[in-house]
Amino acid sequence: MANVLDTVDQRTQLVGENRLELLLFRINSTQLFAINVFKVKEVVKLPPLSAMPGSHPNISGVANIRGTSIPVINLRAAIGFTPMPLEDANLIITEYNRSVQGFVVGKVEHIVNMTWGDILPPPKSSGHNNYLTAICRLDYQGKNELVSIIDVEKVLAEIVHYDIRLSDGVLDQNIVQHMHGRKVLVVDDSATARKQVRDTLEQLGLEVTEASDGLQALKLLKSWCDEGRSPAKELLMLITDAEMPEMDGYKLTDEIRRDARMSNMSITLNTSLSGSFNNAMVDKVGCDRFISKFQPDLLVKAVQEQLKTVLEG
């Protein structure tokens, strides 16, 4: 199964064109689930696991993959179902937020090429406690199937505590008084990720406006422009995820840069995708900086750098 990802390096050209590829898998016999291929390092048969006494109940143990110990999460249990039996299971090894972990799943299906325009947010009627960032419809093996895209960041946040406290010396006391009341737009399809950023920035006195995807953010900014408002003047900066339904962060940045009414807005890419890849994409689409999730110190440093630029301008 590992060879399902053999051409992953060739897939980078899809990103920035508002496209993505999903790895489809099942955790039960009836429903298809998916995660973005760019988060996946490898797919293997579930190896023997070592116990982790005192660990979170959704961690099934530790797998040794070529000399590296990887925590293994029972994904079915983590999103609210009965735990996945470990017999004849598969392991999807992923990298999120600068950490590597494995997810126990059932049958791993295929990789499908999609456009973010075909990916939709979960229905509002599903409530705030669901574990999905998006859904899509797919003609698959002769059936029209609903695919549920997992909010892995929410899954991980319930297992790993994310601390928003700042390290000593991070805050620049010379400008901290100028932060109060400044506005930041945070764009991310994961409510968990938005909360992490919001809680980090609000402790500095910043006001946070949220959007759950790039298209929603773009419509908001264009409506401000149509009203004669200047987003670049009203917002200290925009902080956006890369992967989002309907419009990704790269396409959002490109659309903003093409609109003279707001083209000079400060844009920071804040994503769990790999740093080296995103540094190249930042240059391609015109972001000002890139931060790997979730790093409160770097997030605040980016805000301070932008505030210094504004104050000096």
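Note: the structure precedes this text.
Because the structure is a prediction, the values reported are computed rather than measured.

A. Structural detail: the pattern of salt bridges. Counted by the stated rule, this structure contains 24 salt bridges. For K41, the salt bridge goes to E95, with nearest N and O atoms at 3.9 Å. Within this pair, whereas K41 is found in strand β3 (residues 40-45), its partner E95 is found in strand β7 (residues 90-96), the two being separated by 54 residues in sequence. Assessed through its relative accessible area of 34%, E95 is described here as partly exposed.

B. Quick look at unusual backbone geometry. Positive phi outside glycine occurs at R66, with the angle close to 50°. Here R66 is to be found in the loop between β5 (59-65) and β6 (68-74). Phi is positive for E246, which is not a glycine, with a value near 75°. For E246, the position within the fold is in the loop between β14 (237-240) and α6 (249-258).

C. Quick look at the side chain of T200. Inspection of the secondary structure puts T200 in helix α3 (residues 191-202). Under the relative-accessibility criterion, T200 is labelled buried at 0%. Here Q196 takes part through its backbone oxygen, which lies 2.8 Å from a polar atom of the side chain of T200. Ignoring any residue separated from it by four or fewer positions in sequence, one finds T200 in contact with I164, L166, F294, P296, L299 and V300.

D. Inspection of the nonpolar core at higher detail. In this structure, F25, L91, I92, I150 and V155 are the most contacted members of the largest nonpolar core, which totals 38 residues. Here this core gets four residues from one element, more than from any other, and that element is β7. Beyond its immediate stretch of four places on either side in the chain, L91 contacts E42, V43, V44, K45, L46, P47, A63, I65, V72, G102, F103 and V104.

E. Region of the structure containing the environment of L238. Its place among the elements puts L238 in strand β14. Here L238 falls in the buried class, since its relative accessible area comes to 0%. The spacing of L238 and Q177 is 61 residues in sequence and 20 Å in space, taken between C-alpha atoms. With sequence-adjacent residues up to four places away left out, L238 is seen in contact with L185, V187, L221, L252, I256, M265, S266, I267 and T268.

F. Quick peek at the pairing of strand β11 (residues 143-150). Judged from the three bridges that link them, strand β2 (residues 32-36) and β11 form a sheet pairing that is parallel. Bridged to A34 within β11 is I149. Inspection of the sheet shows strand β10 (residues 132-140) paired to β11 by eight bridges, in the antiparallel sense. Bridging across to β11, L138 finds its partner in E145. Between β10 and β11, which follow one another and run antiparallel, lie two residues, and Q141 among them has a positive phi close to 50°.

G. Representation of the sheet that holds β14. If you walk across this open sheet you meet the five strands as β13-β12-β14-β15-β16, and the pairing is parallel. The sheet is open, and its two edges are formed by β13 (207-211) and β16 (289-292), each paired on a single side. In this sheet, neighbouring strand axes are inclined to one another by 25° on average, regardless of whether the strands run parallel or antiparallel. With five bridges connecting them, strand β12 (residues 183-187) and β13 associate as parallel partners. Counterpart to V187 in the pairing with β13 is A211.

H. Here's a closer look at the sheet that holds strand β9 (residues 108-115). Across the sheet, five strands lie side by side as β9-β1-β2-β11-β10; this open sheet has mixed pairing. In this open sheet, the two edge strands, each paired with only one partner strand, are β9 and β10. Within the sheet, the average angular offset between the axes of one strand and its neighbour, ignoring direction, is 35°.

I. Summary view of helix α8 (residues 296-312). For α8, spanning 17 residues, the distance from its first C-alpha to its last is 24 Å, which sits close to the expected 24 Å at 1.5 Å a residue. If you check which residues of α8 are buried, you get P296, L299, V300, A302, V303, Q304, Q306 and L307.

J. Examining the state of the cysteines more closely. Counted by the stated rule, this structure contains zero disulfides. Not engaged in a disulfide, the cysteine C287 finds its nearest cysteine sulfur in C225; these two sulfurs lie 18 Å apart.

K. Layout of the packing of aromatic side chains. Under the counting rule described, the total for this entry stands at two aromatic pairs. A centroid spacing of 6.1 Å and a plane angle of 80° characterise the contact between Y162 and F294, whose relative ring orientation is edge-to-face. In this pair, Y162 is assigned in the loop between α2 (152-157) and β12 and F294 in the loop between β16 and α8, connecting sequence segments 132 residues apart. Across the pair, F294 and Y162 agree in class, each one buried. The ring of Y131 carries K154 above its face, with NZ or CZ at 4.6 Å from the centroid.

What counts as what
- Residues numbered from 1 in each chain as written.
- Predicted model: local features only at pLDDT ≥ 70, side-chain atom pairs only at ≥ 80, totals over all residues.
- Heavy atoms only, no water.
- Salt bridge = Lys/Arg side-chain N within 4 Å of Asp/Glu carboxyl O.
- Helix = DSSP H or I, 4+ residues; strand = E, 2+ residues; numbered from the N terminus.
- Buried < 20%, exposed > 50% of the residue type's maximum accessible area, 1.4 Å probe, protein only.
- Polar contact = N/O pair within 3.5 Å; in protein donor to acceptor, adjacent residues only side chain to side chain.
- Contact = heavy atoms within 4.5 Å.
- Core = buried A, V, L, I, M, F, W, Y, C linked by side-chain atoms within 4.5 Å.
- Pairing = 2+ DSSP bridges.
- Axes fitted to C-alpha atoms, helices over the stretch in contact; angles between N-to-C directions.
- Expected span 1.5 Å × (residues − 1).
- Disulfide = S-S within 2.5 Å.
- Phe/Tyr/Trp six-rings, centres within 6.5 Å; stacked < 30°, edge-to-face > 60°.
- Lys NZ or Arg CZ within 6 Å of the ring centre and 35° of its normal.

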